[in-house]
Amino acid sequence: MAAPGNAQSNTSSTQRVKVYCLDEDGKWDDRGTGLRSDELGLYVVDEDDHETLLVHRISTDDIYRKQEDTIISWRDPEGSTELALSFQETAGCSHIWNHICTMQRNLHFSSLNMNTELRELPDVDISNLPQILEVFTLSIVSSILFPSSLQIVTESGIKDQMRLAGLMLKDVKFFHNLMNVFEMCEDLEKLDCLHMMFNIVKGIS
């Protein structure tokens, strides 16, 4: 079954995307072209009449597929429908694909560690950056995003943040060691490590 065609427009924008739904005849029905909103996850508003074209809460299930460089498709478990987003630019598709993967990872680890207490911070070392990033990712308050922009903050997320703050105060060398690792990453030009460092600092702030 062929995937929907790429979105076409005279306006260049990574925000523009076409929304498709697979009909009963196995054909992709074009629901319209709109602008996506990062803050609301997979949420698309029509660029002309501002009607909502898509509202989708990201699932932890392995339902998403990236096709070519500009298409993301999945089967919605709630509505039992096949959906697809066709982006005007590859950058927009890559951004949303990374957003989906990050959200899935965060939701997955949050569910696994809902009742797990943070006991100590990992040793600050380049090889431990993924583990440190995971700890700070888990400490970020979990939010479920709805079209109304309301955020439901989980009690476990708040507790994790409080425990993490206490651990950072207890480990007086943590920030000093973190800055040393940052300088080392810069000297070695390790872009992947610098990216992780950015997200760690973002999590702390």
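You'll find the structure just up there.
Described below are features of the structure shown in this document.

What counts and how
- Residues numbered from 1 in each chain as written.
- Predicted model: local features only at pLDDT ≥ 70, side-chain atom pairs only at ≥ 80, totals over all residues.
- Heavy atoms only, no water.
- Helix = DSSP H or I, 4+ residues; strand = E, 2+ residues; numbered from the N terminus.
- Buried < 20%, exposed > 50% of the residue type's maximum accessible area, 1.4 Å probe, protein only.
- Areas by Shrake-Rupley, 256 points an atom, 1.4 Å probe, with all protein chains shown as cover.
- Pairing = 2+ DSSP bridges.
- Contact = heavy atoms within 4.5 Å.
- Polar contact = N/O pair within 3.5 Å; in protein donor to acceptor, adjacent residues only side chain to side chain.

**Brief notes about the overall build of the chain**
And then number 1: For the chain, the helix and strand inventory stands at five helices and seven strands.
And then number 2: What you see in the chain, going N to C, is helices and strands ordered as β-β-β-β-β-β-β-α-α-α-α-α.
And then number 3: Across the 205 residues that make up the chain, the buried fraction comes to 37%.
And then number 4: Surface accessibility of the chain: about 12,500 Å² in total, with carbon and sulfur atoms responsible for 50%.

**Focus: the pairing of strand E7 (residues 81-87)**
And then number 1: The element E7 is largely enclosed, with a buried count of five among its seven residues.
And then number 2: Pairing geometry for strand E1 (residues 16-22) and E7, over five bridges, is antiparallel. Along E7, the bridge assignment pairs cysteine 21 with leucine 83.

**So, the environment of glutamate 47**
And then number 1: Its place among the elements puts glutamate 47 in the loop between strand E3 (42-46) and strand E4 (52-56).
And then number 2: Glutamate 47 sits 15 residues away from glycine 32 along the chain, and the two C-alpha atoms are 8.8 Å apart.
And then number 3: In this view, glutamate 47 contacts Arg16, Thr33, Gly34 and Leu35; residues no more than four positions away in its chain are not counted.
And then number 4: A polar contact of 2.7 Å, which involves the side chain of glutamate 47, links it to the side chain of arginine 16.

**Comments concerning unusual backbone geometry**
Glycine aside, residues mostly have negative phi, and peptide bonds are mostly found in the trans state.
And then number 1: Positive phi is not limited to glycine here, since histidine 50 has a value of about 65°.
And then number 2: Residue classification places histidine 50 among the exposed residues on the basis of a relative accessible area of 60%.
And then number 3: A positive phi angle, near 55°, is found at glutamate 189, a position not held by glycine.

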